[in-house]
Amino acid sequence: MNDDQVKLSRSAAVSRKTNETDIQLSLGVDGSGEVSIETDVPFLNHMLDLFAKHGQFDLKVEARGDIDIDDHHTVEDIGICLGQVLREAIGDKSGIKRYASVFVPMDEALAQVIIDISNRPHFELRAEFPSASVGSFTTELVHEFLWKFALEARITLHVIVHYGRNTHHMVEAVFKALGRALDEATSIDPRVKGVPSTKGVL
């Protein structure tokens, strides 16, 4: 399979319907940042748009959930779906760079995202957000989304917000850094032959 064929195949879609949410989500890893996002959680829409644009991913999300209770189920399930499609899209991980570490500033805030596409799901978040919410979005849902994403994608994900005063800026820096780091870690390196692991599998 040549590089063009690899790129054409690196996409996936999933549907998830429960008593709490109804989600259709598709992801193209080797995209151009084409985004169509319609959910009941406006702040998450904004963050997913940033993630996809800065990662050059083609992302489509249609989601409805029980936001009359709160945003938790919708945010969590979108994280689950995004992780699932990423894992499917990158397949056996042949030729990928695997690792990435990216810093992104957003005005006074500085975030760092470190990724290992390891097939060993782990998540660490080091962040102290000044406020418990951004608009109607509860900041504890940042952890919920990222943890479920890492779990379903089976990646090791470390997120550090080094400093910041504005919670919106801090979360925005995280999602921009996530997009850029994931773009780098999933990118094909022509020097890599097969899977980038001494074990021979990831």
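Please refer to the structure placed before this passage.
Heads up: these notes are all about the structure in this document. (Residues numbered from 1 in each chain as written. Predicted model: local features only at pLDDT ≥ 70, side-chain atom pairs only at ≥ 80, totals over all residues. Heavy atoms only, no water.)

**Regarding the pairing of strand 4 (residues 58-65)**
Alright, step 1. Judged from the eight bridges that link them, strand 2 (residues 21-28) and strand 4 form a sheet pairing that is antiparallel. If you follow G28 over to strand 4, its bridge partner there is D58.
Alright, step 2. In the classification by handedness, the crossover that spans strand 3 (residues 35-38), the intervening helix 2 (residues 42-55) and the parallel strand 4 is left-handed. (Pairing = 2+ DSSP bridges. Helix = DSSP H or I, 4+ residues; strand = E, 2+ residues; numbered from the N terminus. Right-handed = clockwise from strand over helix to strand, strands pointing away.)

**A look at the side chain of K93**
Alright, step 1. With respect to the helices and strands, the residue K93 is situated in the loop between helix 3 (72-90) and strand 5 (99-106).
Alright, step 2. No salt bridge is formed by the buried K93. Its closest oppositely charged neighbour is D92, at 7.5 Å.
Alright, step 3. Beyond its immediate chain neighbours, meaning those up to four positions away, K93 contacts I117, G194, V195, P196 and L202. (Buried < 20%, exposed > 50% of the residue type's maximum accessible area, 1.4 Å probe, protein only. Lys, Arg positive; Asp, Glu negative; His and termini not counted. Salt bridge = Lys/Arg side-chain N within 4 Å of Asp/Glu carboxyl O. Contact = heavy atoms within 4.5 Å.)

**Examining the nonpolar core**
Across soluble globular proteins, you tend to see nonpolar side chains buried next to one another.
Alright, step 1. Core analysis: the largest hydrophobic core is formed by 62 residues, its most contacted members being L25, L59 and L157.
Alright, step 2. Tallying contributions element by element places helix 5 (residues 167-186) first for this core, with ten residues.
Alright, step 3. Once residues lying within four places of it in the same chain are set aside, the contact partners of L59 are L25, S26, L27, E34, V35, S36, I37, L48, F51, A52 and L82. (Core = buried A, V, L, I, M, F, W, Y, C linked by side-chain atoms within 4.5 Å.)

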